[in-house]
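An overview of the molecular structure
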Amino acid sequence: MIVFSGMRPSGQLHIGNYLGALKNWVELQKKHQCVFGVVDYHAITTPFNPKAIKKDSMALVLDYLAAGIDPKKSIIIVQSHIPEHTELAWILSTLAPLGELERMTQFKDKAKQNKENVNAGLFCYPVLMAADILLYKADLVPVGEDQAQHVELTRTLARKFNNKFGKTFPEPKAQLLKFGARIMSLTDPNQKMSKTGDESIALIDSPEKIREKIKKAVTDSGKEVKYDEKNKPAISNLLTIYHLFSDKAIADIEKKYQGKGYAEFKKDLTEVIIRGLKPFQERRKKLEKNPRLTEKILAEGQKKAQKIAQETIKEVKTKMGLI
Ligand code: TRP
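Residues numbered from 1 in each chain as written. Predicted model: local features only at pLDDT ≥ 70, side-chain atom pairs only at ≥ 80, totals over all residues. Heavy atoms only, no water.

Moving on to the site of the ligand. The local shell around the ligand holds 13 residues, among which Arg8, Tyr125, Met129, Asp132 and Gln147 are the closest. One of the side-chain N or O atoms of tyrosine 125 is found 2.8 Å from a nitrogen atom in the ligand. Within the side chain of aspartate 132, an N or O atom sits 2.7 Å from a nitrogen atom of the ligand. Relative to its unbound accessible surface of 360 Å², the ligand loses 93% to contact with the protein. When residues of the shell around the ligand are traced back to their parent elements, those giving at least two are β1 (2-7), α7 (120-135) and β4 (140-143). (Near = heavy atom within 4 Å. Polar contact = N/O pair within 3.5 Å; in protein donor to acceptor, adjacent residues only side chain to side chain. Areas by Shrake-Rupley, 256 points an atom, 1.4 Å probe, with all protein chains shown as cover. Helix = DSSP H or I, 4+ residues; strand = E, 2+ residues; numbered from the N terminus.)

Okay, here's the thing in structure tokens:
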């Protein structure tokens, strides 16, 4: 099976990105050929800083590597370095029904958030995502729930292309993580953890910062450490984080803190997170000191990716009668 996934370079990653995505990617690469993209062309559909985006892309590559993506097994690419992504996106856009694009909830949300810049790129965002996936003929796409609709559109586009021009693409499936894919904000457990501020723990936060943020994290009424998403959303979120960093079962953690209250649980959770992030932080520091190595890894990834990408584009254009 071939796996494709990607993230936008838009600032620092947090533990939600790690526990909900990267940790799973590292597992997937043990069994499948994986391509992981830094999708900078997606990032420019909403306001961005031209002075920072290249740096952010490189930082994201470092994050992938530090999290354990192995460049010997997986291919890491920066989307804008491989023009075939946009080439295929143009072709797929001629198959994409306007009505379906209008129904995309992420488009509707982002259009609302960026009223003064509702651009065509934002509208076609899912088509570019479909191109990312189909260019490598991926079968499996690990994503959060919020991207499932885009993968569904990808399947539609693959099917349409195949019907019109002959079997070319597999219909890729979304792999939605059932548990822990949604780490919630530390200050509002009803919101997804987002990229900035006190509500999230960045992967590069120092132990002091982590201590501070967990101390400030909201809890629920009562004092029992119990998993109950409905009545104890904050504690359930903290339990999930504890569970995913320690690999201890939720029930065992509950037992451990029976009759002990939130303060002690939070104190231990802090240490679990600090310990859990340590290997990542150490690897990242080493990589930071050696930018040449990262560049070399990217160049090698690009070469491998481009070979696949060029073959797909050639096949697509031939089947369409363009060449
Ligand atoms: N749209 C995805 C997100 O916002 C990122 C992304 C772009 C992606 N292309 C992709 C994810 C292809 C999976 C596969 O999270």
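Among the six residues in strand β2 (residues 33-38), five count as buried, and that is most of the element. As paired elements, β1 and β2 share six bridges and run parallel to each other. Among the inter-strand pairings, isoleucine 2 is bridged to a residue of β2, identified as glutamine 33. Assessed by its sense of winding, the connection that carries the chain from β1 through helix α1 (residues 15-31) to β2 is right-handed. Strand direction decides the pairing type here: β2 and strand β3 (residues 75-78), joined by four bridges, are parallel. Across the sheet, residue valine 38 finds its bridge partner in β3, namely valine 78. (Buried < 20%, exposed > 50% of the residue type's maximum accessible area, 1.4 Å probe, protein only. Pairing = 2+ DSSP bridges. Right-handed = clockwise from strand over helix to strand, strands pointing away.)

In this structure, Leu22, Tyr64, Ile241, Phe245 and Ile273 are the most contacted members of the largest nonpolar core, which totals 55 residues. Ranked by the residues each element gives to this core, the list is headed by helix α12 (residues 261-288), at nine residues. For this core, the two domains that each supply at least three residues are domain 1 (2-182 + 291-320) and domain 2 (197-285). Aside from chain neighbours lying at most four places away, what touches isoleucine 273 is Ile201, Ile210, Ile214, Ile241 and Phe245. Listed in part, the 39 residues of the second largest apolar core include Phe4, Ile82, Ala89 and Leu101. (Core = buried A, V, L, I, M, F, W, Y, C linked by side-chain atoms within 4.5 Å. Domains from an automatic or database assignment. Contact = heavy atoms within 4.5 Å.)

Quick look at the UniProt feature "binding site: L-tryptophan" (unreviewed entry) in the protein now. Those residues carrying the UniProt feature "binding site: L-tryptophan" (unreviewed entry) are Asp132 in this numbering. Here aspartate 132 shows up in helix α7. Taking the relative accessible area as the measure of exposure, aspartate 132 reaches 2% and is therefore buried. Setting aside residues no more than four positions away along its own chain, aspartate 132 makes contact with Phe4, Val39, His42, Gln79 and His85. (UniProt positions renumbered as here; feature names shortened; annotations may be inferred.)

In the numbering used here, UniProt assigns the feature "binding site: ATP" (unreviewed entry) to Arg8, Pro9, Ser10, Gly16, Asn17, Gly144, Glu145, Asp146 and Ile183. Structurally, serine 10 is set in the loop between β1 and α1. Take serine 10: its relative accessible area is 40%, and that puts it in the partly exposed class. Summarising the element assignment, glycine 16 is placed in helix α1. Non-local contacts of glycine 16, meaning those with residues more than four positions away in its chain, are made with Ala21, Ile183 and Met193.

Now for the packing of helix α3 (residues 53-67) against α12. Running from N to C, α3 and α12 point in directions that differ by 130 degrees, and their axes come no closer than 8 Å. For the element pair α3 / α12, the angle class is oblique. Of the two possible hands of crossing, α3 and α12 adopt the one that is right-handed. Residue-level inspection shows Ala59, Leu62, Asp63, Leu65, Ala66 and Ala67 of α3 in contact with α12, the latter providing Phe280, Arg283, Arg284, Leu287 and Glu288. Tallied by class, residues from the contact of α3 with α12 come to seven nonpolar, no polar and four charged. (Axes fitted to C-alpha atoms, helices over the stretch in contact; angles between N-to-C directions. Parallel < 35°, antiparallel > 145°, perpendicular 65-115°, else oblique. Left-handed = near helix turned anticlockwise from the far one by under 90°. Nonpolar A, V, L, I, M, F, W, Y, C, P; charged D, E, K, R; others polar.)

On the surface, Tyr41, Ile44 and Phe48 cluster together into a nonpolar patch covering about 260 Å² of accessible area. Tracing the sequence through the fold places isoleucine 44 in the loop between α2 (40-43) and α3. Assessed through its relative accessible area of 39%, isoleucine 44 is described here as partly exposed. (Patch = residues over 30% accessible without salt bridge, like charges linked within 9 Å, V, L, I, M, F, W, Y side chains within 5 Å. Salt bridge = Lys/Arg side-chain N within 4 Å of Asp/Glu carboxyl O.)

So, about helix α13 (residues 291-319). The end-to-end C-alpha separation of α13 is 41 Å, in line with the 42 Å expected for 29 residues at 1.5 Å each. Every buried residue of α13 is listed here: Thr294, Ile297, Leu298, Gly301, Ala305, Gln306, Ala309, Thr312, Ile313 and Val316. Of the residues trailing α13, glycine 321 is marked for its positive phi of about 80 degrees. (Expected span 1.5 Å × (residues − 1).)

Scanning all chains against the criterion turns up 10 aromatic pairs. Between tryptophan 25 and tyrosine 64, the aromatic rings sit 5.2 Å apart at their centres with planes inclined by 75 degrees, giving edge-to-face as the arrangement. With a gap of 39 residues between them, tryptophan 25 in helix α1 and tyrosine 64 in helix α3 connect regions that are remote in the sequence. A single burial state applies to tryptophan 25 and to tyrosine 64, both of which are buried. Ring pairs connect the aromatic residues Trp25, Phe36 and Tyr64, which therefore count as one cluster. (Phe/Tyr/Trp six-rings, centres within 6.5 Å; stacked < 30°, edge-to-face > 60°.)

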